[in-house]
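This is what each chain is made of:
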Amino acid sequence: MTITITPAASERMRSFLAGTPGAAGVRFGVKKTGCSGFGYVVDLAQSLGEGDELVNVDGVPLIVDGKSLPLIDGTVIDFQRQGLNASFVFHNPNATGECGCGESFTVG
């Protein structure tokens, strides 16, 4: 499994982790949602669950559940600021389409 984090995303994730000393890592995965099928999940994880995989990406502990792995393999996670807005941005080679608002994606 390959996931890449840009320096901006790494800085943001490290900031979240520093503010929550008990966190086991950053959870990255997908859930079924939106008009295209899947949406990304980025959150702090307090512990590893059954079926989770812990991956160290540039010093950032990422926790990925086994069901998400095939859908996010090869994804590049970036963090961008545009005006007053800031968010993680995902470049996923497995996505075959996205909804018009960019909140969800399709695979296959």
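Before reading further, recall that the structure is shown in the block above.
Rules used in this analysis
- Residues numbered from 1 in each chain as written.
- Predicted model: local features only at pLDDT ≥ 70, side-chain atom pairs only at ≥ 80, totals over all residues.
- Heavy atoms only, no water.
- Helix = DSSP H or I, 4+ residues; strand = E, 2+ residues; numbered from the N terminus.
- Buried < 20%, exposed > 50% of the residue type's maximum accessible area, 1.4 Å probe, protein only.
- Contact = heavy atoms within 4.5 Å.
- Pairing = 2+ DSSP bridges.
- Axes fitted to C-alpha atoms, helices over the stretch in contact; angles between N-to-C directions.

A. Region of interest: the overall build of the chain. Along the backbone of the chain there are two helices and nine strands. For the chain, the succession of helices and strands along the chain, N to C, is β-α-β-β-β-β-α-β-β-β-β. Put simply, the chain has 108 residues, and 35% of those count as buried. Excluding contacts between residues fewer than 6 apart, the proportion of contacts in the chain whose partners are at least 24 apart in sequence is 51%.

B. Local environment of the sheet that holds strand S6 (residues 76-82). Taken together, the three strands give an open sheet; going across it, the order is S1-S6-S7, and neighbouring strands pair in mixed fashion. Across the chains shown, the open sheet's two edge strands, defined by having one partner strand only, are strand S1 (4-5) and strand S7 (85-91). With seven bridges joining them, S6 and S7 adopt antiparallel strand pairing. In the sheet register, Ile 77 faces S7, and the bridge partner there is Phe 90. Seen against the sheet, helix H1 (residues 7-19) touches S1, S6 and S7 and runs at an angle of roughly 85° to S6.

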